[in-house]
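Results of the structural survey
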Amino acid sequence: MRTSNHLIGLLNFFTFLASIPILGGGIWLSSRANNTDCLKFLQWPLIVIGVSIMVVSLAGFAGACYRNTFLMYLYLWAMFFIIAALIGFVIFAYAVTDKGSGRPVLNRVYLEYHLQDYSGWLEERVTSQSYWMKISSCIRDSHVCAKTRRTYNSIPESAEMFYLRKLSPVESGCCKPPTECGYVYQNETVWVPGGGLVGADPDCVNWNNDQGQLCYNCNSCKAGVLASIRKSWRKVSVINIVILIILVIMYMVAIAAFRHNKRIDNDEPYGETRMEKSQPSRIHF
């Protein structure tokens, strides 16, 4: 019996540790929301799940130490719903980020992003007028485009060097016009029309050298934000899947240990279960 209680307590300790990467992922998404992605509601489900796992694992640890059956039942049921919520979040994250990626451009290292490559709930959310006003304002206030500027002995970076840079999706989509527009590079955020006609892409007309406007109203900027969110979510989802597998394994071991304790408390021989009800419930621990 002591061995089972020690095992349950140890499992809860590891569950507590497993909550740290989940909470860390939510905090990382929150920092991205404030500085880069600018979509500020996506991180809260992960933060809530991480904190919930911490609290529930502490309850399970106390239940194991003090052999409190109520706390153990609370722990097992709460962990069941938390694991289900985490599974749902991982599925949701992959479902809304299943489409879209950058397109290579001739003689450029950076990729460019097109809104037509994205669709679904997340695309509709980002491109809605009410949300995009907040997102574009966030990008502007973060000065992400101003941070792309580089000078060498007070001389702006040359076009050839700029074309060799690996820009982030937001930098590529929001801080410069699309390549097909035919603008000529002056510096990272100043481009002038070339000798020919401006391309047919609507973003070519939306581009403005005003540092408060740039391409913040371009579809390429919206696509860049979607690509940045997709990249962030995919990174966090990989960690969540690993933690989820660990949580499920520990949860199954905890159920087995708890049932072993119940058999000992009921003086049941190992391998037999005493029938306490004529019609036992289908779900029991």
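Residues numbered from 1 in each chain as written. Predicted model: local features only at pLDDT ≥ 70, side-chain atom pairs only at ≥ 80, totals over all residues. Heavy atoms only, no water.

**Some details on the overall build of the protein chain**
Secondary structure summary: the protein chain contains nine helices and six strands in total. At a minimum sequence separation of 6, the contacts of the protein chain that also span at least 24 residues come to 69%. Counting only carbon and sulfur atoms, one obtains 61% of the accessible surface of the protein chain, whose full area is about 15,400 Å². (Helix = DSSP H or I, 4+ residues; strand = E, 2+ residues; numbered from the N terminus. Contact = heavy atoms within 4.5 Å. Areas by Shrake-Rupley, 256 points an atom, 1.4 Å probe, with all protein chains shown as cover.)

**A few points about the nonpolar core**
I22, M79, V126, I135, I139, V225 and L247 are the most contacted members of the largest nonpolar core, which totals 68 residues. Per element, the largest residue contribution to this core is 17 residues, and it comes from helix α9 (residues 219-265). Composition of this core by domain shows at least three residues from each of domain 1 (1-99 + 233-266) and domain 2 (109-225). When sequence neighbours within four positions are dropped, the list of residues in contact with V126 reads L39, Y131, W132, I135, K222, V225, L226 and I229. (Core = buried A, V, L, I, M, F, W, Y, C linked by side-chain atoms within 4.5 Å. Buried < 20%, exposed > 50% of the residue type's maximum accessible area, 1.4 Å probe, protein only. Domains from an automatic or database assignment.)

**A look at helix α3 (residues 69-96)**
Compared with the 40 Å implied by 1.5 Å per residue over 28 residues, the 41 Å span of α3 between its first and last C-alpha is a close match. Those residues of α3 not exposed but buried are M72, Y75, L76, M79, I82, I83, L86, F89, V90, A93 and V96. (Expected span 1.5 Å × (residues − 1).)

**Section: the confidence of the model for the protein chain**
In this model, the protein chain carries an average pLDDT of 82, and 85% of its residues clear a pLDDT of 70 or more. The spread of mean pLDDT over the elements of the protein chain runs between helix α1 (residues 2-35), the lowest at 77, and strand β2 (residues 111-112), the highest at 95. (pLDDT = per-residue confidence, 0-100.)

**What about the UniProt feature "transmembrane region" (unreviewed entry) in the protein chain?**
Following the UniProt record, the feature "transmembrane region" (unreviewed entry) maps to residues 6-29, 41-62, 74-96 and 238-258 here. Its end C-alpha atoms 36 Å apart, residues 6-29 is made of 100% helix and 0% strand. Each end of residues 74-96 is marked by a C-alpha atom, and these two atoms are 33 Å apart; helix forms 100% of the span and strand 0%. (UniProt positions renumbered as here; feature names shortened; annotations may be inferred.)

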